[in-house]
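So the chains spell out like this:
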Amino acid sequence: AKFSTTSQKNFKVVVAGAAGGIGQPLALLLKQNSLVTRLALYDIAPVTPGVAVDLSHMDTPAQVTGHKGPEQLAAAVECADLVVIPAGVPRKPGMTRDDLFNTNASIVRDIADCVAKNAPKAIMAIITNPVNSMVPIASEVLKKAGVYDPAKVLGVTTLDVVRAAAFIGEINCVDPTTVKIPVIGGHSGVTIIPVLSQSCPAVNLTDQSKIEALTKRIQEAGTEVVKAKAGGGSATLSMAYAGARLACAVLRGLKGDSDAVECAYVKSDLTEATYFANPVQFGPNGVEKNLGYGELNDYEKELLKAAIPELLKNIKTGENFANK
């Protein structure tokens, strides 16, 4: 039996979708994380065992295992502390995140089902798009299995925060790692709400039209990448970086660090939307504390008003899929 205590420093992390465009660089970054003792790579792609062998040659402590195909998923997730899910199909030009829905919804449902049976205490961090709908799907699956804990199911919205900091760093001519900026709401289009008024340092923009342009750029940054890759995929490297950053915060929380804070899309009662992203603090049980989103200015309040109906629709779509 595995006895978990808060002082435990060895964690098993699973990457479900590990052979893909996000999965491989994400696995590379996690193999470098000193908190990861075991790294299990799962994918349906034939190359998966090879990706595991490749990473196992790195001189870092994490033990890497490869698991290929649905019949090996259970072995991959067994005893996991954290399951990160980038599995699914990526966007192509002209596609919205919603266009991916049916394919990706089935994948997330099946992985959540396997986690419910084989690692019911694991934290699930979902990258698969559309995130706004995938988190409700995973939650419903876990509810049906009788193992749902809202503190353990999160949508990864870290990329929105990372992009906002990168763009503000550029505008302010400062190192982007020094920029602190909350991005709240959800993870698509109008549901992405950069709270620019809370940026630290303050954004060097006074002109409202420039603030609106920056907001739009952050909201549409994913499409910027999809277009630039011209049919060759969507954001994979920046997403892997963001996913690894969120995973690190979760693991630091599990370890007992008191300052493990990131934005994430979680079960919430702060707005009408039953799931909502804003800064949360991670602890030994996943989300320890929802830190809310503080004061919004008038423009941001309007953005929130525009986001809610879209979020409600996305959440309903996910719940309907899981319960049909």
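Conventions we followed
- Residues numbered from 1 in each chain as written.
- Predicted model: local features only at pLDDT ≥ 70, side-chain atom pairs only at ≥ 80, totals over all residues.
- Heavy atoms only, no water.
- Helix = DSSP H or I, 4+ residues; strand = E, 2+ residues; numbered from the N terminus.
- Rg over C-alpha atoms; globule rule 2.2 N^0.38 Å.
- Buried < 20%, exposed > 50% of the residue type's maximum accessible area, 1.4 Å probe, protein only.
- Areas by Shrake-Rupley, 256 points an atom, 1.4 Å probe, with all protein chains shown as cover.
- Lys, Arg positive; Asp, Glu negative; His and termini not counted.
- Charge placed at Lys NZ, Arg CZ, Asp CG, Glu CD.
- UniProt positions renumbered as here; feature names shortened; annotations may be inferred.
- Axes fitted to C-alpha atoms, helices over the stretch in contact; angles between N-to-C directions.
- Left-handed = near helix turned anticlockwise from the far one by under 90°.
- Contact = heavy atoms within 4.5 Å.
- Nonpolar A, V, L, I, M, F, W, Y, C, P; charged D, E, K, R; others polar.
- Domains from an automatic or database assignment.
- Buried area = accessible area lost by both parts, 1.4 Å probe.
- Salt bridge = Lys/Arg side-chain N within 4 Å of Asp/Glu carboxyl O.
- Disulfide = S-S within 2.5 Å.
- Phe/Tyr/Trp six-rings, centres within 6.5 Å; stacked < 30°, edge-to-face > 60°.
- Lys NZ or Arg CZ within 6 Å of the ring centre and 35° of its normal.
- Core = buried A, V, L, I, M, F, W, Y, C linked by side-chain atoms within 4.5 Å.
- 1 Å grid on protein atoms, 1.4 Å probe; cavity = no way out; pocket = protein on both sides within 12 Å on 5 of 7 lines; lining within 4 Å.
- Points joined across faces, edges and corners; volume = space filled by probe spheres on them.

## Description of the overall build of the chain
Reasoning step 1: When helices and strands are tallied, the chain shows 10 helices and 11 strands.
Reasoning step 2: Whereas a compact globule of 324 residues would reach a radius of gyration of roughly 20 Å, the chain reaches 19 Å, a difference of no more than 12%.
Reasoning step 3: Its C-alpha atoms give the chain principal-axis dimensions of about 60 × 45 × 40 Å.
Reasoning step 4: Residues classed as buried in the chain amount to 54% of the 324 residues present.
Reasoning step 5: Taken as a whole, the chain presents about 13,800 Å² of accessible surface, with 56% of it coming from carbon and sulfur.
Reasoning step 6: Each charge class in the chain can be summarised by its mean position, and for the 32 positive and 31 negative side chains these summaries are 4 Å apart.

## Concerning the UniProt feature "active site" (unreviewed entry) in the chain
Reasoning step 1: Residues annotated in UniProt with the feature "active site" (unreviewed entry) correspond here to H187.
Reasoning step 2: Tracing the backbone through its elements, the reader meets H187 in the loop between strand 7 (183–185) and strand 8 (192–194).
Reasoning step 3: Its relative accessible area of 3% is what places H187 among the buried residues.

## Overview of the packing of helix 5 (residues 131–144) against helix 10 (residues 298–323)
Reasoning step 1: Following both chains from N to C, one finds helix 5 and helix 10 inclined at 40 degrees, their axes separated by 7 Å at the closest point. Seen from above, helix 5 lies across helix 10 with right-handed handedness. Residues N132, S133, P136, I137, E140 and K144 of helix 5 form the contact with helix 10, whose own contacting residues are L311, N314, I315, T317, G318, E319, F321, A322 and N323.
Reasoning step 2: In terms of residue class, the contact of helix 5 with helix 10 is made up of six nonpolar, six polar and three charged.

## Digging into the domain arrangement of the chain
Interfaces are often sized by the accessible area lost when the parts come together.
Reasoning step 1: The assigned domain composition of the chain is domain 1 (11–155) and domain 2 (157–318).
Reasoning step 2: Placing the centre of domain 1 and that of domain 2 at their C-alpha centroids yields a distance of 21 Å.
Reasoning step 3: Between domain 1 and domain 2, the contact holds 41 residues from the first and 44 residues from the second.
Reasoning step 4: Taken over both partners, the interface formed by domain 1 and domain 2 buries close to 3,300 Å², and the fraction arising from carbon and sulfur atoms is 68%.
Reasoning step 5: Together, R91, R97 and N132 form the three largest contributors to the area buried by domain 1 at its contact with domain 2, with a combined 19%.
Reasoning step 6: At the boundary of domain 1 and domain 2, one finds zero salt bridges.

## Details of the state of the cysteines
A covalent bond between the sulfur atoms of two cysteines is referred to as a disulfide.
Reasoning step 1: Under the defined criterion, the tally for this structure stands at zero disulfides.
Reasoning step 2: C114 provides the cysteine sulfur closest to C79, a residue in no disulfide bond, and the two sulfurs are 12 Å apart.
Reasoning step 3: Here C248 is not disulfide-linked; the sulfur of C263 is the nearest cysteine sulfur, at 16 Å.

## Some remarks on the packing of aromatic side chains
Reasoning step 1: Under the definition given, this model contains three aromatic pairs.
Reasoning step 2: For the pair F101 and F321, a centre-to-centre distance of 5.6 Å together with 90 degrees between the ring planes defines the contact as edge-to-face. With F101 in helix 4 (residues 101–118) and F321 in helix 10, this pair connects stretches of sequence that are 220 residues apart.
Reasoning step 3: In this structure, K143 packs its charged tip against the face of Y148, placed 5.3 Å from the ring centre.
Reasoning step 4: One Lys or Arg, R217, reaches over the ring of F167 and ends 3.7 Å from the middle of that ring.

## Focus on the nonpolar core
Reasoning step 1: V83, I85, M124, I126, I137 and Y265 are the most contacted members of the largest nonpolar core, which totals 49 residues.
Reasoning step 2: Structurally, this core is a two-domain feature, drawing no fewer than three residues from each of domain 1 (11–155) and domain 2 (157–318).
Reasoning step 3: Counting residues in hydrophobic clusters, the runner-up holds 44 residues, among them A27, L35, L154 and L246.

## So, the UniProt feature "domain: Lactate/malate dehydrogenase C-terminal" (unreviewed entry) in the chain
Reasoning step 1: In the numbering used here, UniProt assigns the "domain: Lactate/malate dehydrogenase C-terminal" (unreviewed entry) feature to residues 157–321.
Reasoning step 2: Helix makes up 47% of residues 157–321 and strand makes up 16%, while its end C-alpha atoms are separated by 22 Å.

## Describing empty space enclosed by the protein
Reasoning step 1: Applying the stated criterion across every chain, the model contains one cavity of 30 Å³ or more.
Reasoning step 2: One number sums up the size of the largest cavity: a volume of about 40 Å³.
Reasoning step 3: Each residue belonging to the lining of the largest cavity can be placed in one class, and the counts come to seven nonpolar, no polar and two charged.

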